[in-house]
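So you can see what is in the structure, the chains are spelled out below.
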Amino acid sequence: MEKTSSRLLPPLPERMRPSTLEGYVGQRHLVGEGCILRNMIESGNLSSFILWGPPGVGKTTLAQILAKTLDREFYTLSAVSAGVKDVRDVIDRARSGSVFASAKGAPILFIDEIHRFNKAQQDALLGAVEAGTVILIGATTENPSFEVITPLLSRCQVFVLKSLEVADLKQLLDKALKEDVILREKPIELRETEALFRFSGGDGRKLLNVLEIVVDSFAGKSGPIVIDNATVAACIQENIAIYDKDGEMHYDIISAFIKSIRGSDPNAAIYWLARMIDGGEDPLFIARRLCISAAEDIGLANPNAVFLANAVFDIVSKIGMPEGRIPLAEATVYLASSPKSNASYLAIDAALAEVKQSGNLSVPLHLRNAPTSLMEELGYSDGYKYAHDFPGHFVDLEFMPDALRGHVFYEPAPNARENTLRDYLTWCWPKYYKK
C-alpha cells in the first residue's frame, strides 16, 4: 500500500519545496535578516529583477515564496516553450486585473530560463516592465550580460545565487529525512554524506534526487536503509560533469584556463584543460584559445609559442579526440611555462586608439610609391633611402606621419628575448628608446 501511495506523490525535490522564507535553504546573502530580498519582501516594495545562478539553488522556489508572501497574482512562463504571443497574453491579463493590482500590487510574471528568449520576445516585455504593469522575475543559469538585451537589463536588478555550500546541503538533507512524508517513515541510517554531497555538486535538486534514488534502491529489501559513500556511488554509477559547453560554465572555465596560462601556472592550466575535455568541450575551441594566448600573453618573449600553438591546432584538427588531448596538454604546459610578454598586444591596441583619435593621416611623400612619371614629378618617393645600402642595414629615416613623429607604440617587455630587441632598437633609434 505504501509503495502505491509513494508513486502518487511528486518527486522528493517537489515535495520538499518550501513555501516560506523560514523553510528556504541557502542564499543567506539575499534572504538573511537585513538582506536585500528579505527587505523587499517585508516592505512589499517590489521591483523587477533577475535571479542568476546554477541549477538547483532555489531560483524558482524563491519567486514562488515571494509571490505567496505578498499575495500577488503569479504568472509563470517557460522560455523553452513560450513565444511572443504568450508574453502578450499574460501582459493583457495583467492589465485587465488592474483593480486587483491596485489593491495588492502589480502581478508577478516569472520567466524560467529567460536567457532562452530571443530579442523579439524580450522586447515584448519592455513596455509592461517599464510601466509597472507586471513585476518581472527572470531566472537564468547564464550570464545576463550576455543573454539579456540591454534595455531589459537596465530595468531589472540582478541578484546572483550561489551553489549550495556543504552546510546548506546538510540542512536540506536533514530536513528531508525528518520532514518528508515518505522518508520519515523509513528505517534510514545515514552513515556517510561525502558521496551524496559530491555527486550533488552544490545542486539541492540533484541532492534530493540522488537521495531518493538511493532509498528506492532498497525497495523490497528487509532491514535498515544504510546510506554510505559506497552505496551512493554504486547507485549513481558515475558523476556527470557539471559543464555546459554552451553556457556560463563554458566561459568561466576557459577564462580560468587562459588566466592560469597567463599566470605561468601549468598545474592549474592542466586542471582546467581536463575539466573542459571531461565536459566534452570542442577541442578546436581550446586549440584556438591556445593560439590567441600564444600571441597575446607570450608574444615576443618566446616567438616559438605561436608556432607550437598553431601546429597543435593543426594536429588536433587532423587526429581528433581522445588522442588530441595529448598535444593540447603539451601546448598548455609549454605556454604556461614560457616567459610572458603582452608588448605586441599593447602596441597594436595603442596604435588603433591613435588611429581612431587622429584619423587618416597622410603618408609622407618619401614613403609613397611612384609608379608613374606624374607621381615622380609630384615628389612621390622623393627622399626615400634604401636601408640595405647603409651600414648595419639601417638608415635614420622618419617613417611616421608628420603629426606622429617620435610616437612610440611598442615598448619591449623585460625578458631575455625582448631585452635583445631593445638593444637593437636602442642602437637604431636612441632618440626614442633608452636602455
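### Notes on the pattern of salt bridges
If you walk through the whole model with that rule in mind, you get 20 salt bridges. When the shortest N-O distance is used, the salt bridge between Glu185 and Arg184 registers 3.8 Å. On the basis of relative accessibility, which here comes to 46%, the residue Arg184 falls in the partly exposed class. Arg262 is paired through a salt bridge with Glu296; the nearest N and O atoms lie 3.6 Å apart. Pair noted here: Arg262 is in helix α15 (residues 248-262) and Glu296 is in helix α17 (residues 283-298), with a separation of 34 residues, a long-range link. By relative accessible area, Glu296 is classed as partly exposed at 22%. By sharing partners, the salt bridges in this structure join Arg15, Asp180 and Glu212 into a single network.

### A few points about the pairing of strand β1 (residues 49-52)
Residues Phe49 and Leu51 of β1 are buried on one face, and the alternating residues Ile50 and Trp52, pointing to the opposite face, are buried as well. Pairing analysis gives four bridges linking β1 to strand β4 (residues 135-140), with the strands arranged parallel. When the bridges of β4 are listed, Ile50 appears paired with Gly138. Sheet topology places β1 next to strand β5 (residues 157-160); four bridges connect them, and they run parallel. Residue Leu51 lies in a different strand from β5, and its bridge partner there is Phe159.

### Quick notes on the packing of aromatic side chains
Inspection of the entire model under this criterion finds seven aromatic pairs. Centre to centre, the rings of Tyr271 and Trp272 are 4.8 Å apart; their planes meet at 70°, and the pair counts as edge-to-face. Classification of Trp272 as partly exposed rests on a relative accessible area of 23%. In this structure, Arg198 is placed above the aromatic ring of Phe199, and the distance from its NZ or CZ to the ring centre is 4.9 Å.

### With respect to the nonpolar core
As a rule of thumb, soluble globular proteins bury nonpolar side chains together. In terms of nonpolar packing, the biggest core is built from 26 residues, with Leu183, Leu196, Leu211, Ile227 and Val232 touching the most fellow members. Contributing elements (two or more residues each) for this core: α11 (166-179), α12 (194-200), α13 (204-216), β7 (225-227) and α14 (229-236). When residues in this core are grouped by element, the largest group, six residues, is from α13. Every residue in contact with Leu196, bar those within four places of it in the chain, is listed here: Leu173, Leu190, Leu207, Val210, Leu211, Ile227 and Val232. Grouped together as the second largest cluster of nonpolar side chains are 25 residues, Tyr24, Leu30, Leu62 and Leu66 included.

Each value, and the rule that gives it
- Residues numbered from 1 in each chain as written.
- Predicted model: local features only at pLDDT ≥ 70, side-chain atom pairs only at ≥ 80, totals over all residues.
- Heavy atoms only, no water.
- Salt bridge = Lys/Arg side-chain N within 4 Å of Asp/Glu carboxyl O.
- Buried < 20%, exposed > 50% of the residue type's maximum accessible area, 1.4 Å probe, protein only.
- Helix = DSSP H or I, 4+ residues; strand = E, 2+ residues; numbered from the N terminus.
- Pairing = 2+ DSSP bridges.
- Phe/Tyr/Trp six-rings, centres within 6.5 Å; stacked < 30°, edge-to-face > 60°.
- Lys NZ or Arg CZ within 6 Å of the ring centre and 35° of its normal.
- Core = buried A, V, L, I, M, F, W, Y, C linked by side-chain atoms within 4.5 Å.
- Contact = heavy atoms within 4.5 Å.

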